[in-house]
Amino acid sequence: EADAEAEAAPKPRRYAWSGLASWSCAFWVAVLALLLLAPVLIAASVTQEIRTDDTGVLRTAGGAAPAGAAMGTTYHDLKELTTLPEATLRRIRDCAFAHRGVAF
């Protein structure tokens, strides 16, 4: 009789995903996450935000140290051109005129 009852009792269902939730699986998920996040963390630590100053100089986000060297830019009104020194006028490389928000 005991054998008949043991055979008649339903076997517990085993799900396909039940073996995945283990410590070894958690370990490999953590390793994979670190491998995927490592390049992002390295890039974030190496790079820094760069902004331009009003004169066109590239500076770090803190604003204290220059981040790059380039030709500085200054802006003058058209009326000021008659009073600028000759050395400043000789250094002019480009000129743009703006009228009502449209540059020429």
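For the structure, see preceding data.
This write-up is about the structure you can find in this document. Given the structure is predicted, the values throughout are model-derived calculations rather than measurements.

## What about the overall build of the protein chain?
Scanning the protein chain from N- to C-terminus turns up three helices and four strands. Its helices and strands in sequence order give the protein chain the pattern α-α-β-β-α-β-β, from N to C terminus. Within the protein chain, buried positions represent 2% of all 104 residues. Contacts spanning at least 24 positions in sequence make up 0% of the contacts within the protein chain whose residues lie at least 6 apart. When the accessible surface of the protein chain is totalled, it reaches about 10,000 Å², and 62% of it is carbon and sulfur.

## Some points on a nonpolar patch on the surface
On the surface, a cluster of nonpolar side chains totalling about 300 Å² of accessible area is made up of Leu37, Val40 and Leu41. With respect to the secondary-structure elements, Val40 resides in helix 2 (residues 23-46).

## A word on the environment of Thr55
On the secondary structure map, Thr55 appears in the loop between strand 1 (50-52) and strand 2 (58-60). The exposure class assigned to Thr55 is partly exposed, which follows from its relative accessible area of 33%. Between the alpha carbons of Thr55 and Thr74 there is a distance of 5.7 Å; along the sequence they are 19 residues apart.

## Structural notes on the packing of aromatic side chains
Applying the stated criterion across every chain yields a total of one aromatic pair. Ring centres 5.1 Å apart and planes at 70° place the aromatic pair Phe27 and Trp28 in the edge-to-face group.

## Some words on the pattern of salt bridges
For the structure shown, the criterion picks out one salt bridge. One salt bridge in this structure joins Arg90 and Glu86, with 2.6 Å as the shortest N-O distance. Taken as a pair, Arg90 and Glu86 lie in helix 3 (residues 86-90) at a separation of four residues, close to a single helical turn. Residues Arg90 and Glu86 agree in their burial class; the two are exposed.

Basis of the calculations
Residues numbered from 1 in each chain as written. Predicted model: local features only at pLDDT ≥ 70, side-chain atom pairs only at ≥ 80, totals over all residues. Heavy atoms only, no water. Helix = DSSP H or I, 4+ residues; strand = E, 2+ residues; numbered from the N terminus. Buried < 20%, exposed > 50% of the residue type's maximum accessible area, 1.4 Å probe, protein only. Contact = heavy atoms within 4.5 Å. Areas by Shrake-Rupley, 256 points an atom, 1.4 Å probe, with all protein chains shown as cover. Patch = residues over 30% accessible without salt bridge, like charges linked within 9 Å, V, L, I, M, F, W, Y side chains within 5 Å. Salt bridge = Lys/Arg side-chain N within 4 Å of Asp/Glu carboxyl O. Phe/Tyr/Trp six-rings, centres within 6.5 Å; stacked < 30°, edge-to-face > 60°.

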